[in-house]
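Summary of the model geometry
So the chains spell out like this:
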Amino acid sequence: MTLALLLCGATALANAQNYFTEGTVWSVHVRGDILDDDGKLLEYDEKFWLEGDLKEWGYDEGLILWQQREDESQPRHARGLIKTDGDKVYYRPHLQRDEWLLMYDFGVTAEEPIETFAPEYYWPNTYIHDTPDYFECLGRYAAPDYPELTIIKVGEFKDKQDFEPYGEGEILVGIGSLKGPVYNRQYGQYRGGESTTLTKVEHNGTIIYEATPKSEVTDIAADPEAEMPLYNLSGQPIESPAPGQPYVSGNQVRINPAR
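Residues numbered from 1 in each chain as written. Predicted model: local features only at pLDDT ≥ 70, side-chain atom pairs only at ≥ 80, totals over all residues. Heavy atoms only, no water.

1. Observations regarding the side chain of Arg 69
- Summarising the element assignment, Arg 69 is placed in strand β3 (residues 63-69).
- No salt bridge forms around the buried Arg 69; measuring N to O, its nearest opposite-charge neighbour Asp 71 is 5.3 Å away.
- Sequence-distant contacts of Arg 69, defined by excluding residues within four places in its chain, comprise Leu 42, Tyr 44, Asp 45, Glu 46, Lys 47 and Gln 74. (Helix = DSSP H or I, 4+ residues; strand = E, 2+ residues; numbered from the N terminus. Buried < 20%, exposed > 50% of the residue type's maximum accessible area, 1.4 Å probe, protein only. Lys, Arg positive; Asp, Glu negative; His and termini not counted. Salt bridge = Lys/Arg side-chain N within 4 Å of Asp/Glu carboxyl O. Contact = heavy atoms within 4.5 Å.)

2. As for the side chain of Asn 18
- Within the secondary structure, Asn 18 is located in the loop between α1 (3-6) and β1 (24-35).
- Among the polar contacts listed, one links the side chain of Asn 18 to the backbone nitrogen of Phe 20, at a separation of 3.2 Å.
- In terms of polar contacts, Asn 18 uses its side chain to reach the backbone carbonyl oxygen of Gly 86, at 3.1 Å. (Polar contact = N/O pair within 3.5 Å; in protein donor to acceptor, adjacent residues only side chain to side chain.)

3. Thoughts on a negative patch on the surface
- On the surface, Glu 43, Asp 45, Glu 70 and Asp 71 cluster together to form a negatively charged patch.
- With respect to the helices, strands and loops of the structure, Asp 45 is situated in strand β2 (residues 41-51).
- Among the residues examined, Asp 45 registers a relative accessible area of 36% and is labelled partly exposed. (Patch = residues over 30% accessible without salt bridge, like charges linked within 9 Å, V, L, I, M, F, W, Y side chains within 5 Å. Areas by Shrake-Rupley, 256 points an atom, 1.4 Å probe, with all protein chains shown as cover. Charge placed at Lys NZ, Arg CZ, Asp CG, Glu CD.)

4. Section: the confidence of the model for the protein
- Averaged over every residue, the pLDDT of the protein is 76; residues scoring 70 or more account for 67%.
- The spread of mean pLDDT over the elements of the protein runs between α1, the lowest at 36, and strand β13 (residues 206-210), the highest at 96.
- Within the model, the stretch residues 1-6 combines pLDDT values under 50 with six contacts to residues more than four positions away or in other chains.
- Under a pLDDT of 50 for its full length, residues 215-226 has, in the predicted model, zero contacts with residues more than four places off or in other chains. (pLDDT = per-residue confidence, 0-100.)

5. Observations concerning the sheet that holds strand β9 (residues 146-157)
- The strand order across the open sheet formed by five strands is β7-β8-β9-β10-β11, and the pairing between neighbours is antiparallel. The open sheet has two free edges, formed respectively by β7 (114-116) and β11 (176-177), since each of these has just one partner strand.
- Of the pairings in the sheet, the one linking strand β8 (residues 133-143) to β9 comprises nine bridges and is antiparallel in character. Pairing of Glu 136 across the sheet is with Gly 155, part of β9. (Pairing = 2+ DSSP bridges.)

6. Looking at the pattern of salt bridges
- Under the defined criterion, the tally for this structure stands at seven salt bridges.
- Of the charged contacts in the structure, one is a salt bridge between Asp 105 and Lys 88, with a shortest N-O distance of 4.0 Å. Here Asp 105 is found in strand β6 (residues 101-105), whereas its partner Lys 88 is found in strand β5 (residues 88-92), with 17 residues between them in sequence.
- Since its relative accessible area comes to 14%, Asp 105 is described here as buried.
- Within this structure, Asp 87, Lys 88 and Asp 105 form a network of salt bridges that share partners.

Next up, the structure:
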């Protein structure tokens with residue numbers, strides 16, 4: 001057991017701010033699961049921000065969480081209404097649904113898995129029933145290059161009675177998932193080949209987090225004979241799929257023929 005695991009019961013926001021407020025902008029890089037005109041996987045950047053005082057609409061609390069491409073080539077979309085309560089973040093799928101669903105609990109511990117929901121659909125969500133996942137803390141540690149920020153490593157469970165998590169993720173205290181603010185679950189599940197990465201967070205124009213760019217190797221020709229990595233439907237790398245087993249290669253789902 002590491003020291004980080006021993007800190008799971010610590011108060012998350014003792015020295016941290018909850019940035020789910022107006023003035024915060026999250027930048028996310030998306031690597032899509034479809035091909036562009038050049039035959040490459042579509043990649044783009046998107047941004048999320050909070051604005052709007054719902055009191056003007058006759059409601060007591062909440063801000064609108066907006067999502068849009070960074071280049072503003074497409075219209076913005078609302079992902080839900082957001083409110084905070086200490087170290088917790090809630091969202092409301094629809095104004096006519098008088099309920100606030102837990103999106104983040106930055107005080108999550110290892111004692112008891114918490115029920116968490118995700119705004120996976122554009123708001124207003126009137127047709128789809130929200131289903132929870134369950135999370136518990138696996139450890140806490142300082143964010144690389146940002147010692148004032150804390151990362152929570154969480155285990156994700158489909159059922160509260162499960163003994164082992166089916167996925168693991170990382171959450172910045174007060175900021176949200178390292179996949180992006182609305183991508184707060186399905187860490188261990190294949191999502192059609194799409195991947196998201198939180199690249200930068202600004203608050204009132206000040207950068208409070210920026211991901212360290214990964215080094216790129218250039219001027220090396222691609223090997224056309226190189227084998228493409230294979231993954232199972234949970235997104236885990238595999239050496240060779242078993243006969244009859246579906247697997248992911250590139251941006252396609254295939255099935256290994258039965259012998």
